[in-house]
Amino acid sequence: MTRRHTPQEEEISVFRHALETAGVRRITTNRADPGRPRQQQPAHEARRRAAVENQVLQTNGRTSDGRVEAVRPSEYLEFSVPDLPWRTFSQLKRGQLAWQAGLDLHGYTLEEARHQLEGFLRDAINQRMRSVLIVHGKAWGTDADYPVLKSHTNTWLREWPGVLAFCSATDIDGGTGALYVLLRRKGH
């Protein structure tokens, strides 16, 4: 058993003096002060209204056709929700969470790939699957100078509410041409 070092009074005094010299002040309350509420500007309200109307009109799925960040063919992708345990994400990244189903998007148009992905994710979540594999490939788009399916899949999965995390697969499962996806179990 190792004993924890107990500082002597002189060490504490030196430490407190260093804090004081650095301008550190003692906290007087343990509550956050959010400041005053933001003023609602007409432009903000108009944008909010337009976004809500657009969301109501969009009935073809949960993924958008909006701006997509282009990624490189060999770029490693990863994403996780903030409260996902580090250990779980680490296991996903090492390929230690066995995937229960896979979807290969090769050969689909962008719109077909989106519909396939949405249906696949919906079915996987309804079947209470925990981990799936999505193969998007690394091919360059015919009209684009970046891998279109890979870039869009990266964006779509970040938007999907049932996705807790994803990352590029290990080499045996497709490397940077595929993704392990960790799903939120239905009812959780």
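Before any of the text, the structure's been laid out above.
Everything quoted here is computed from the prediction, not taken from an experiment.

Draft legend 1. Local environment of the overall build of the protein. For the protein, the count of helices and strands is five helices and five strands. Starting at the N terminus and ending at the C terminus, the protein contains elements arranged as α-α-β-α-β-α-β-α-β-β. In the protein, buried positions account for 33% of the 188 residues. Long-range contacts, defined as pairs at least 24 residues apart, comprise 70% of the intrachain contacts of the protein with a sequence gap of at least 6.

Draft legend 2. Structural view of the packing of helix 4 (residues 110-126) against helix 5 (residues 148-159). For the pair helix 4 and helix 5, interaxial distance at closest approach is 11 Å and the crossing angle is 40°. Judged by the inter-axis angle, helix 4 sits oblique to helix 5. The crossing of helix 4 and helix 5 is right-handed. Residue-level contacts link Leu110, Ala113, Arg114, Leu117 and Leu121 of helix 4 to Val148, Leu149, His152, Thr153, Trp156 and Leu157 of helix 5.

Draft legend 3. Summary view of the sheet that holds strand 1 (residues 78-80). With mixed pairing, five strands are arranged side by side in an open sheet as 1-4-5-3-2. If you trace the sheet from one side to the other, it starts and ends with strand 1 and strand 2 (101-104), each paired once. Within this sheet the neighbouring strands show an average axis-to-axis angle of 20°, counted without direction. Pairing of strand 3 (residues 131-135) with strand 5 (residues 178-183) involves five bridges; the strand directions are antiparallel.

Draft legend 4. The nonpolar core, seen in detail. Judged by nonpolar contacts, the single largest core of 37 residues is most densely connected at Val132, Leu157, Val163, Phe166, Val181 and Leu183. Those elements that place two or more of their residues in this core are helix 3 (86-93), strand 2, helix 4, strand 3, helix 5, strand 4 (163-168) and strand 5.

Draft legend 5. Structural context of helix 5. For helix 5, built from twelve residues, the straight-helix expectation of 16 Å at 1.5 Å per residue is met to within 8% by its first-to-last C-alpha distance of 17 Å. In terms of residue burial, helix 5 counts as a mostly covered element, since ten of its twelve residues are buried. Taken together, the buried positions of helix 5 are occupied by Val148, Leu149, Lys150, Ser151, His152, Thr153, Asn154, Thr155, Trp156 and Leu157. Among the structural elements, helix 4, strand 3, strand 4 and strand 5 are those in contact with the buried residues of helix 5.

Draft legend 6. Examining the pairing of strand 3 more closely. In terms of burial, strand 3 is largely enclosed, as five of its five residues are buried. Pairing analysis gives four bridges linking strand 2 to strand 3, with the strands arranged parallel. Along strand 3, the bridge assignment pairs Gly102 with Leu133. Crossover strand 2 to strand 3 through helix 4 is right-handed.

Parameters and conventions
- For every chain, the first residue of the written sequence is number 1, and numbering continues from 1 onward in sequence order.
- Given that this is a predicted model, residues contribute local features only at a pLDDT of at least 70 and side-chain atom pairs are listed and counted only at 80 or more, while totals for whole chains, interfaces and linings are drawn from all residues.
- For side-chain calculations, the full set of non-hydrogen atoms in the structure is used, while hydrogens and water are omitted.
- Under the scheme used here, helices are H or I runs from DSSP no shorter than 4 residues and strands are E runs no shorter than 2 residues, and both carry numbers assigned from the N terminus.
- We call a residue buried when its accessible area falls under 20% of the maximum for its residue type, exposed when it is over 50%, and partly exposed in between, using a 1.4 Å probe and counting protein chains only.
- Note on contacts: a residue pair is in contact if any heavy atoms of the two residues lie within 4.5 Å.
- Fitted lines through C-alpha atoms serve as axes, helices being fitted only where they are in contact, and the angles separating the N-to-C directions of these axes extend from 0 to 180 degrees.
- Each angle is binned into one of four classes, with values under 35 degrees roughly parallel, values over 145 roughly antiparallel, values of 65 to 115 roughly perpendicular, and all other values oblique.
- Should the near helix be turned anticlockwise from the far one by less than a right angle, the crossing is termed left-handed; should it be turned clockwise, right-handed.
- Note on pairing: two strands pair once DSSP finds at least 2 bridges between them.
- To form a nonpolar core, buried Ala, Val, Leu, Ile, Met, Phe, Trp, Tyr and Cys residues must be joined to one another through side-chain atoms within 4.5 Å.
- What a helix should span is 1.5 Å times the count of its residues minus one.
- Orient the strands so they point away from the viewer; a crossover is then right-handed if the path from the first strand over the helix to the second runs clockwise.

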